[in-house]
Amino acid sequence: MPRGRYSLHDPHDHTPLADEHFHCAPGPSGWRYVSQLTSPSGDHSGSVDLALDDLGRPLRLELHAGGWQVRGAALDGVTWVRTDPTGTYATEGNVRAHAFTGTSPAFLIATARLLRLAPSTSTTRVRLVALTDPVLAPRTVDQSWRLVASEAHATDNGPLTVDEYQVTALDTGERHTVHISGDVVLAAPGIELEELESPPSAFG
């Protein structure tokens, strides 16, 4: 069960945003990721709890950030409820999308798991509902994903397979590279893996 820490920063000016302390593991019905976030000053700033089924669809999502909470799941596309601490401003949403995305590295793992791409020169389009800090406001985004390469690297614990993805935002054309090994993001814009106590889990 991988456990460790990511540092999150603004991908444009590299301003530190948070540290995300996580653990994750595959299970009999899919995969689960749980994390707690701390601000650069060390204060608690949010949490992530994401469970996927064995096809990579979100069985359950619970996010906390900026005093807001979102609960969601794959239902007629994706469905969610966003609420403030008092419940005064609770709103429901539903979009014909494949899954959720957001600031957490968990969402990159989830999208890669959902698409299950093979190395190719062609891209796969995916529609996601982005829930981003600081207030978790939902926004529908379209991306294209391509698995550029999948390479095994020798380590002290045996070979480590690293997948290199090219991800493009279809509304802006902005393109970036994501490196993933099993259920751990090794590098992505705004994300650095700072600590990892055990090797990534391999999906079956």
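The structure we're discussing is the one just above.
The paragraphs below set out a description of the structure included in this document. What you see is a predicted model, and the numbers here were worked out from it, not measured in a lab. (Residues numbered from 1 in each chain as written. Predicted model: local features only at pLDDT ≥ 70, side-chain atom pairs only at ≥ 80, totals over all residues. Heavy atoms only, no water.)

The subject of this paragraph is the overall build of the chain. Of the regular secondary structure elements, the chain holds one helix and 15 strands. In terms of principal-axis extent, the alpha carbons of the chain reach across some 55 × 40 × 40 Å. Expressed as a percentage of the 204 residues in the chain, the buried residues total 44%. In the chain, 39% of the contacts between residues at least 6 apart in sequence involve partners at least 24 apart. Of the roughly 10,400 Å² that the chain leaves accessible, carbon and sulfur atoms contribute 50%. Across the chain, 15 positive and 25 negative side-chain charges occur, with their mean positions spaced 9 Å apart. (Helix = DSSP H or I, 4+ residues; strand = E, 2+ residues; numbered from the N terminus. Buried < 20%, exposed > 50% of the residue type's maximum accessible area, 1.4 Å probe, protein only. Contact = heavy atoms within 4.5 Å. Areas by Shrake-Rupley, 256 points an atom, 1.4 Å probe, with all protein chains shown as cover. Lys, Arg positive; Asp, Glu negative; His and termini not counted. Charge placed at Lys NZ, Arg CZ, Asp CG, Glu CD.)

What follows concerns the pairing of strand β15 (residues 191–196). In terms of strand pairing, strand β1 (residues 3–9) meets β15 through five bridges, oriented antiparallel. Bridged to R5 within β15 is E195. Across two bridges, the pairing between strand β14 (residues 184–188) and β15 is antiparallel. Within the sheet, the bridge partner assigned to A187 lies in β15 and is E192. (Pairing = 2+ DSSP bridges.)

As for its position among the elements, R71 is in strand β6 (residues 68–74). As for R71 and L50, which are separated by 21 residues in sequence, their C-alpha atoms are 9.8 Å apart. Not counting the four nearest positions on each side in its chain, R71 is found in contact with L61, E62, T79, W80 and V81. Among the polar contacts made by the side chain of R71, one reaches the side chain of E62 at a distance of 2.9 Å. (Polar contact = N/O pair within 3.5 Å; in protein donor to acceptor, adjacent residues only side chain to side chain.)

All right, on to the packing of aromatic side chains then. On inspection of all chains with the given rule, the structure shows five aromatic pairs. Measuring from centroid to centroid gives 4.5 Å for Y6 and F22, while their planes differ by 20°, and the two rings are stacked. Linking Y6 in strand β1 with F22 in strand β2 (residues 16–27), this pair joins segments that are 16 residues apart in sequence. Look at Y6 and you get buried, because its relative accessible area is 0%. On the basis of relative accessible area, F22 is assigned to the buried category, the value being 2%. Look at W145 and Y165: their rings are 5.3 Å apart centre to centre, the planes differ by 65°, and that puts the pair in the edge-to-face class. Of this pair, W145 sits in strand β11 (residues 137–153) while Y165 sits in strand β12 (residues 160–169); the two residues are 20 residues apart in sequence, bridging distant segments of the chain. The pair W145 / Y165 is uniform in exposure class, with both members buried. (Phe/Tyr/Trp six-rings, centres within 6.5 Å; stacked < 30°, edge-to-face > 60°.)

Once that is clear, we can look at the environment of G77. Considering the arrangement of structural elements, one finds G77 in the loop between β6 and β7 (78–83). For G77, a relative accessible area of 21% gives the class partly exposed. For the pair formed by G77 and L55, sequence separation is 22 residues and the distance between their alpha carbons is 14 Å. Leaving out residues up to four positions away in the same chain, G77 has contacts with V95, R96 and A97.

This part is about the nonpolar core. W145 and Y165 are the most contacted members of the largest nonpolar core, which totals 48 residues. When residues of this core are assigned to their parent elements, the largest contribution, eight residues, is made by helix α1 (residues 106–115). If we ignore the near neighbours within four places in the chain, the residues touching Y165 are A112, L117, W145, R146, L147, V148, H176, T177, V178 and I180. (Core = buried A, V, L, I, M, F, W, Y, C linked by side-chain atoms within 4.5 Å.)

This paragraph deals with unusual backbone geometry. Between D133 and the following residue, P134, the backbone shows a cis peptide bond with an omega angle of 10°. You can see P134 is positioned in the loop between β10 (124–132) and β11. The phi dihedral of R116 is positive, around 50°, even though this residue is not glycine. Mapped onto the elements of the fold, R116 is located in the loop between α1 and β10. The backbone of L136 sits at a positive phi, close to 60°, despite the residue not being glycine.

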